[in-house]
Amino acid sequence: MNAVAVATAPAGHGPARRWPVRRTRAVTGVLVALVLVLVWLGLTVEATVSVPDLLRTLAGQGTSGENFVVFRLRLPRLVLGALVGAALALAGALFQTVLRNPLASPDILGVSGGASLAAASAILLGGLSGVAVSLAALGGAVAVAALIYALAWRSGVSGYRFVLVGVGIAFLVNACLGYLISRANVNDVREALVWMVGSLGTPPWAHVAVLAAVLAVLVPGVALLAPRLRVLQLGDDTAGGLGVRVEVTRLTALAAAVALAATGTAFAGPVAFVAFVCAPLARRLLPAAGLALLPSALVGVALVLAADLTGQHLLGLQVPVGIVTGVLGAPYLLWLLATANREGRGA
């Protein structure tokens, strides 16, 4: 029996087997319903378009003004937020699974910070804008991830060493960002700040289509890799004995995670803590779900849409989505560290 078959073989039959399946379906259904509600609220809250007019516009029968509000201002932002949330959540789930560390996520390890640094440098030093800045952010995230991997390599990569190196690189990246901001023209800093806090803005459909196309390639690749990741969770020795090429699988999963994080960050900036919190939340909802990739992605979509809705409509002033997710994620990080210390896992 090959490794994939071992990883995916049923654990048993009867009620004990069916209960996790029913719970998975129920939780997934609730998350999908929550996402749909958030999309509806994003289209209708403080709307200049009534509900009947909105339905008529979505059916392709709206006026030019209604089409502009729905299809140019609101719907692209919602779709971009959903795609960014899914990309960052999957990236965080892959990092935490491969490195076996709940602190392993692109924003904690400096991968998202590398994208911010590259984008800010392109704006403040190169005078670039638009697609060029997004490409710079993509390259920055990939470069930082490659640097972390190279520094953490010692006949293989351990999660503990990777996290320590990543945290150190994150501090270095933040220092470079601070230097750039302190030396730049104040008028240019405002545009660069978008790439430091994370914001959805008002994206053109072309940008949304590019991100969707990239995810259409990456997400099936992650799904194909999932069975081997489940085997990898059994430990390197066991996985190797079952025929999994451990280091190749780990490197491939990390590459996919970096690509997801870099792509999401390239279009919305470093939306803080989404990659960090989504997989743990999904696993708490579904303790027996293992990787929980689909629930993690749905939690990421819901989190970004809810944070954007809060930042745009519920605070009395417009706040970038990255600030809202940062406010939500920081207490979770403190709670995680406090819980680890109480359970004797502080190291």
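We now turn to the structure provided with this report. (Residues numbered from 1 in each chain as written. Predicted model: local features only at pLDDT ≥ 70, side-chain atom pairs only at ≥ 80, totals over all residues. Heavy atoms only, no water.)

Here the focus is the overall build of the chain. For the chain, the helix and strand inventory stands at 14 helices and 0 strands. Residues counted as buried form 47% of the 347 residues belonging to the chain. When contacts within the chain are restricted to residue pairs at least 6 apart in sequence, long-range pairs at least 24 apart make up 75% of them. Surface exposure of the chain reaches about 16,300 Å², of which carbon and sulfur atoms provide 67%. (Helix = DSSP H or I, 4+ residues; strand = E, 2+ residues; numbered from the N terminus. Buried < 20%, exposed > 50% of the residue type's maximum accessible area, 1.4 Å probe, protein only. Contact = heavy atoms within 4.5 Å. Areas by Shrake-Rupley, 256 points an atom, 1.4 Å probe, with all protein chains shown as cover.)

Where nonpolar side chains cluster on the molecular surface, the patch consists of Val37, Trp40, Leu41, Val51, Leu55 and Leu58 and spans about 480 Å² of accessible area. Among the secondary structure elements, those contributing two or more residues to the nonpolar patch are α2 (15-44) and α3 (51-58). Of note, Val51 is situated in helix α3. On the basis of relative accessible area, Val51 is assigned to the partly exposed category, the value being 40%. (Patch = residues over 30% accessible without salt bridge, like charges linked within 9 Å, V, L, I, M, F, W, Y side chains within 5 Å. Salt bridge = Lys/Arg side-chain N within 4 Å of Asp/Glu carboxyl O.)

Within the structure shown, the criterion is met by 3 aromatic pairs. Aromatic side chains Phe95 and Phe162 sit 6.4 Å apart centroid to centroid with 50° between the ring planes, which places their arrangement in the tilted category. Here the residue Phe95 occupies a position in helix α4 (residues 64-99), and Phe162 occupies one in helix α7 (residues 159-183), the gap between them amounting to 67 residues. Take Phe95 and Phe162: they sit in the same class, and that class is buried. Seen from their ring centres, Tyr149 and Trp153 are 6.0 Å apart, and the 35° between their planes marks the pair as tilted. For Tyr149, a relative accessible area of 15% puts it in the buried group. (Phe/Tyr/Trp six-rings, centres within 6.5 Å; stacked < 30°, edge-to-face > 60°.)

Our focus in this paragraph is the packing of α4 against helix α11 (residues 246-268). Taken N-terminus to C-terminus, the directions of α4 and α11 make an angle of 150°; their axes are 8 Å apart at the nearest point. By the angle between their axes, α4 is roughly antiparallel relative to α11. The interaxial crossing formed by α4 with α11 has left-handed handedness. Contact residues: Leu80, Val84, Ala87, Leu88, Leu90, Ala91, Leu94, Phe95, Val98 and Leu99 in α4; Arg250, Ala253, Leu254, Ala256, Ala257, Val258, Leu260, Ala261, Gly264, Thr265, Phe267 and Ala268 in α11. Looking at side-chain class alone, the contact of α4 with α11 contains 19 nonpolar, 2 polar and 1 charged residues. (Axes fitted to C-alpha atoms, helices over the stretch in contact; angles between N-to-C directions. Parallel < 35°, antiparallel > 145°, perpendicular 65-115°, else oblique. Left-handed = near helix turned anticlockwise from the far one by under 90°. Nonpolar A, V, L, I, M, F, W, Y, C, P; charged D, E, K, R; others polar.)

Taken as a whole and assessed by the stated rule, the structure comprises 3 salt bridges. Residue Arg77 is joined to Asp308 by a salt bridge in which the shortest nitrogen-to-oxygen separation is 2.8 Å. Placement of the pair is Arg77 in helix α4 and Asp308 in helix α13 (residues 293-314), with a sequence separation of 231 residues. Between Glu247 and Arg250 there is a salt bridge, and its shortest N-O distance comes to 3.0 Å. Separated by 3 residues within a single helix, Glu247 and Arg250 lie in helix α11, roughly one turn from each other. Among the residues examined, Glu247 registers a relative accessible area of 24% and is labelled partly exposed. A relative accessible area of 3% means that Arg250 is categorised as buried.

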